[in-house]
Amino acid sequence: MRFQVLAEGEPRLVELAFGSETDLALVSRWRAPAAVAARPAVRDTLEFARLASKRWRYYRRSIATASSLDDFKSIVAREPQAEVSLLLIVCADWFARSRILGLAQCRRTYCHHLILEFLSVHPAIVGRAGPYVRGVGTGLVYGLAELAGLLGIPLIWGEATAYSAPFYAKTCGLPEVKDHLFIRGETLDHCRRQFRDEVQGET
């Protein structure tokens, strides 16, 4: 799936795809520009990227890992209560600092819910270092909602931090998010509409 972000105020296309070991190798090379490296949100996003990589590799050894939408469906069809790991990445060749602009590490539970374990955006983007890019994290959340809809998953949930809670509240149209995030019902529908109508540029 493709969607739009803004790079220096201009619309640019990025790809939302299932990630692999090769993609995580690129994420391991993420570096924060010195001017923004000390900012808490920048430190957080680097830590989340490291933890997401570690978690995904652990799951590769312990549970099923989906490499595509069809692969995910096949795993669940074979074993309806399977826990399934998936890594979503946002990638683009035009972003000079890395081909990978962001990632979301998730796990499908045995009762067919989706846990968003880690969401991370490139530290230069979080720190607003050049080029100034907006919309990667928002596109990841909306893209996850669209994926959940395609798979018939009724709930996405995860933990929020002091820095991410306001972002999730704004992105999902919620009055408030504390230490847990729940995307379901009308909120899930809202995020799916936003993905199709806004970030994909269909209106």
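Use the structure listed above.
Residues numbered from 1 in each chain as written. Predicted model: local features only at pLDDT ≥ 70, side-chain atom pairs only at ≥ 80, totals over all residues. Heavy atoms only, no water.

S.K.: Explanation requested: the side chain of D23 in the structure shown.
M.R.: With respect to the helices and strands, the residue D23 is situated in helix α1 (residues 21-27). A polar side-chain atom of D23 sits 2.9 Å from the main-chain amide nitrogen of S20. At 2.7 Å, the side chain of D23 and the side chain of R99 are in polar contact. When neighbours within four sequence positions are excluded, D23 is seen to be in contact with F18, I89, R99 and I100. (Helix = DSSP H or I, 4+ residues; strand = E, 2+ residues; numbered from the N terminus. Polar contact = N/O pair within 3.5 Å; in protein donor to acceptor, adjacent residues only side chain to side chain. Contact = heavy atoms within 4.5 Å.)

S.K.: Please explain the environment of D197 as it appears in this structure.
M.R.: As for its position among the elements, D197 is in helix α7 (residues 185-199). Take D197: its relative accessible area is 32%, and that puts it in the partly exposed class. (Buried < 20%, exposed > 50% of the residue type's maximum accessible area, 1.4 Å probe, protein only.)

S.K.: Help me out: how do you make sense of a positive patch on the surface in this one?
M.R.: A cluster of basic side chains, namely R39, R128, R134 and K170, defines a positive patch on the protein surface. For K170, the location among the structural elements is in helix α6 (residues 165-172). Since its relative accessible area comes to 72%, K170 is described here as exposed. (Patch = residues over 30% accessible without salt bridge, like charges linked within 9 Å, V, L, I, M, F, W, Y side chains within 5 Å. Areas by Shrake-Rupley, 256 points an atom, 1.4 Å probe, with all protein chains shown as cover. Salt bridge = Lys/Arg side-chain N within 4 Å of Asp/Glu carboxyl O. Lys, Arg positive; Asp, Glu negative; His and termini not counted. Charge placed at Lys NZ, Arg CZ, Asp CG, Glu CD.)

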